[in-house]
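The residues making up each chain are set out below.
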Amino acid sequence: MTVGRPIRLVTQDRPIRLAEETIDQGELEALSEWMLAGNRLTKAEQTLAFEQEFAVWMNCRHAVYVNSGSSANLLMIAALKEAGRLRNTKAIAAGVSWVTTVSPLLQLGFDVRLCDCDSKSLGIDLNHLEDLCRTDPPALLILVHVLGHAGDMDAIRDICQRYDVILLEDSCEALGSTYKGRKLGTIGTAGSFSFYYGHHISTIEGGMVVTDDADLHQLMLSLRSHGWSRDLKPELRQSLAEENGVDEFKNLYTFYHAGYNLRSTDLQAFLGRSQLRKLDQIVERRRINFDLYRKALPDFFSQSGDTEVLSSFAYGTFIENRLETYKHINALDIECRPLICGNIARHPFWLRDHPRLALPNADKVHDYGIYLPNHHNLNEADIARVADAFASVARPC
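Residues numbered from 1 in each chain as written. Predicted model: local features only at pLDDT ≥ 70, side-chain atom pairs only at ≥ 80, totals over all residues. Heavy atoms only, no water.

With that out of the way, let us pick up the packing of helix α2 (residues 45-58) against helix α10 (residues 266-276). At a minimum axis distance of 8 Å, the contact between α2 and α10 shows a crossing angle of 30°. Put simply, α2 runs roughly parallel to α10. With respect to the hand of their crossing, α2 and α10 are arranged in left-handed fashion. Together, E45, Q46, T47, A49, F50, E53, F54 and W57 of α2 and D266, A269, F270, G272, R273 and L276 of α10 make up the contact between the two elements. A class-by-class count of the residues in the contact of α2 with α10 yields seven nonpolar, three polar and four charged. (Axes fitted to C-alpha atoms, helices over the stretch in contact; angles between N-to-C directions. Helix = DSSP H or I, 4+ residues; strand = E, 2+ residues; numbered from the N terminus. Parallel < 35°, antiparallel > 145°, perpendicular 65-115°, else oblique. Left-handed = near helix turned anticlockwise from the far one by under 90°. Contact = heavy atoms within 4.5 Å. Nonpolar A, V, L, I, M, F, W, Y, C, P; charged D, E, K, R; others polar.)

The following block contains the structure:
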């Protein structure tokens, strides 16, 4: 495979976007050559190779490539339910998260409670999590590593073990961040990642689930593709056929589970394989940029936690005058946005069927949270320009 060109750090005065494409000209040229050679574009060998290489990079046993990070969340939740691993249909989700962290739980019939974030990492608040588990123990917790930061994962795992709760990690903002030598996404039963434009790497659209659980991996392969068995290891295919009285002729079109079509394509997997070659460099640049922001903005809140290697997704902080600040820096061709989407409990889709919840820290994120650009094409001069423009009008809170 042709390797993409080195990442280019742009220094001239230019618009500073929240995200820039990670797919470079060299990768597009290599992809074009591969396509014109007549290779199959739908899911085939490139997908399998990408999954294997991603699992190696993550230092985990299995990876399942899907069409988005949202589908990755859906798949790992659906697989646990289909496998009969859940002792009830109660779940806890992070209050500061993304709609498709929570919506698969609602769509699959879970009774969902939202957990407040802590005041440092903006991840799961340990005291609130303990209270929720003690009051009405759930079967499942899905947390979010907000903007790449880890909370106290040892304490979270301890709570989950004591209350018999399965832990899932939405790591879509944390590709490459580590906690005590392990990459985020590999600490719980399964973890999800997104390869959408603006994430650490991009396959145009796409996502991945990682797990060390061999049985769950096989089930996710089936659920990803309609619920059939053709992607499974041979002995499992044979066992399912014999158990259900299915002959060789019918087996390719027999559905053993109520599955989905969450597959991505070999075209996108080809891009993913080349993106992996430069992911370490991308992670390092994002880490450096986070440190530059923190030094340039000492009067403003900065996330902190137990992350060893921080693959920073963006620089999050709190200010009193978001709208004023947004208008000011936007006029200077600098983008910013709310911190993820604030408190999920204050969004219309949640309030349609649930009461508004008192989540004090998540409410602060909702009302005062903002994040500034951090990506692989920003350098020290860019960060200084953003920080100067931001600090000239923003009021910390």
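Structure shown, so let's carry the discussion forward.
The buried fraction of helix α7 (residues 214-224) is high, at nine of eleven residues. Residues L216, H217, Q218, L219, M220, L221, S222, L223 and R224 constitute the buried set of α7. Along its buried surface, α7 packs onto α2, β1 (62-66), α3 (69-82), β9 (207-211) and α8 (234-243). Downstream of α7 by one or two residues, H226 has phi in the positive range, about 75°. (Buried < 20%, exposed > 50% of the residue type's maximum accessible area, 1.4 Å probe, protein only.)

Counting 78 residues, the largest nonpolar core has L105, F110, L114, L129, L140, L141 and I156 as the members making the most contacts within it. Those residues in contact with L140 that lie beyond four places of it in its chain are I77, L80, L86, K90, A91, I92, L105, F110, V165, I166 and L168. Counting residues in hydrophobic clusters, the runner-up holds 20 residues, among them C336, A387, A389 and F390. (Core = buried A, V, L, I, M, F, W, Y, C linked by side-chain atoms within 4.5 Å.)

Further remarks concern the pattern of salt bridges. One pass over the full model with this rule turns up 24 salt bridges. The shortest N-O distance in the salt bridge between D164 and R87 comes to 3.3 Å. Linking D164 in the loop between α6 (153-162) and β5 (166-170) with R87 in the loop between α3 and β2 (90-94), this pair joins segments that are 77 residues apart in sequence. For D164, a relative accessible area of 51% translates into the label exposed. The salt bridge involving R157 is made with D154; its shortest N-O contact spans 3.6 Å. Taken as a pair, R157 and D154 lie in helix α6 at a separation of three residues, close to a single helical turn. (Salt bridge = Lys/Arg side-chain N within 4 Å of Asp/Glu carboxyl O.)

Another aspect to go through is the pairing of strand β3 (residues 111-115). With four of five residues buried, β3 lies mostly within the body of the structure. What joins β2 to β3 is helix α4 (residues 99-107), and the crossover it makes is right-handed. (Right-handed = clockwise from strand over helix to strand, strands pointing away.)

Read across the sheet, seven strands follow the order β1-β9-β8-β5-β4-β2-β3 without closing on themselves; strand pairing throughout is mixed. This sheet does not close on itself; its edge strands, each paired only once, are β1 and β3. Averaged over all pairs of adjacent strands, the angle between strand axes in this sheet comes to 20°, irrespective of strand direction. Where strand β4 (residues 140-144) and β5 come together, five bridges link them in parallel fashion. Looking across to β5, one finds that L141 is bridged to L167. The strands that α2 touches are β1, β8 (190-194) and β9; relative to β1, the one it contacts most, it runs at about 130°. Strands in contact with α3 are β1, β4, β5, β8 and β9; relative to β8, the strand with the most contacts, it is inclined by about 160°. (Pairing = 2+ DSSP bridges.)

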